[in-house]
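Single-letter residue listing:
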Amino acid sequence: MPDLSSFPITQRWPASHPDRLQLYAAPTPNGVKVSIMLEETGLAYEPHLIDISNNESKDPAFVSLNPNGRIPAIIDPAGPDGRPIALWESGAILLYLADKTGQFISTEPGQRYETLAWVFFQMSAIGCSDS
Ligand SMILES: N[C@@H](CCC(=O)N[C@@H](CS)C(=O)NCC(=O)O)C(=O)O
């Protein structure tokens, strides 16, 4: 069983299933797009609701994972090299999950950069602003 105790966020939002990808999010555009990606890729995950209306994304335990203090963020217990990895920024998380599962992004450079263009377009032009 993976040990996630080195991540302070797991003290505030404990992992009942530390073998599963841990999602820290809320039902907002940036949160939901990661949930959709997890559902579509079929990865097992454990969601944790971060109550942003009560500033829980500014809780020191959350900020220890994402210094920008915004949802979404993840911990994947089975990251590169089999070690846990923490990630924040929804676009980075989407690309990580796409690469991890080999879904929704090509390894063929032309197609891969076309996908990146759409992800960057979405990040800069559609959805919650980063303010
Ligand atoms: N660029 C960030 C933006 C994240 C973001 O703006 N999250 C909002 C919800 S959609 C949030 O956490 N708001 C709470 C706050 O700013 O305190 C990303 O794409 O992950």
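Description of the structure in this document. (Residues numbered from 1 in each chain as written. Predicted model: local features only at pLDDT ≥ 70, side-chain atom pairs only at ≥ 80, totals over all residues. Heavy atoms only, no water.)

1. Considerations on the packing of aromatic side chains
Inspection of every chain in the model, using the stated rule, returns one aromatic pair. Seen in terms of ring centroids, tryptophan 118 and phenylalanine 121 are 5.8 Å apart; in terms of plane orientation they differ by 90 degrees. Their pairing is edge-to-face. Of the two residues, tryptophan 118 and phenylalanine 121 are both situated in helix 5 (residues 109-125); the distance of three residues between them amounts to about one turn of the helix. (Phe/Tyr/Trp six-rings, centres within 6.5 Å; stacked < 30°, edge-to-face > 60°. Helix = DSSP H or I, 4+ residues; strand = E, 2+ residues; numbered from the N terminus.)

2. What about unusual backbone geometry?
With an omega dihedral of 5 degrees, the bond running from isoleucine 71 to proline 72 counts as a cis peptide bond. Note that proline 72 resides in the loop between helix 3 (60-63) and strand 3 (73-76). Phi angles above zero are rare outside glycine, and asparagine 55 is one such case at about 60 degrees. You can see asparagine 55 is positioned in the loop between strand 2 (45-49) and helix 3.

3. Things to note about the site of the ligand
Neighbouring residues of the ligand: 14 residues in total, closest Lys58, Ile71, Glu89, Ser90 and Cys128. Take serine 57: an N or O atom from its side chain is 3.5 Å from an oxygen atom of the ligand. At a separation of 3.1 Å, an oxygen atom of the ligand approaches a polar side-chain atom of arginine 70. Of the residues in the shell around the ligand, the class split is five nonpolar, five polar and four charged. (Near = heavy atom within 4 Å. Polar contact = N/O pair within 3.5 Å; in protein donor to acceptor, adjacent residues only side chain to side chain. Nonpolar A, V, L, I, M, F, W, Y, C, P; charged D, E, K, R; others polar.)

4. Looking at the packing of helix 2 (residues 29-41) against helix 4 (residues 90-101)
The contact between helix 2 and helix 4 brings their axes to 10 Å, and the two run at 5 degrees. Considering their axes alone, helix 2 and helix 4 lie roughly parallel with respect to each other. Across the interface between the two elements, Asn30, Lys33, Val34, Met37, Leu38 and Thr41 of helix 2 pack against Ser90, Ile93, Leu94, Leu97, Ala98 and Thr101 of helix 4. (Axes fitted to C-alpha atoms, helices over the stretch in contact; angles between N-to-C directions. Parallel < 35°, antiparallel > 145°, perpendicular 65-115°, else oblique. Contact = heavy atoms within 4.5 Å.)

Function cannot be read off these values alone, since they describe shape.
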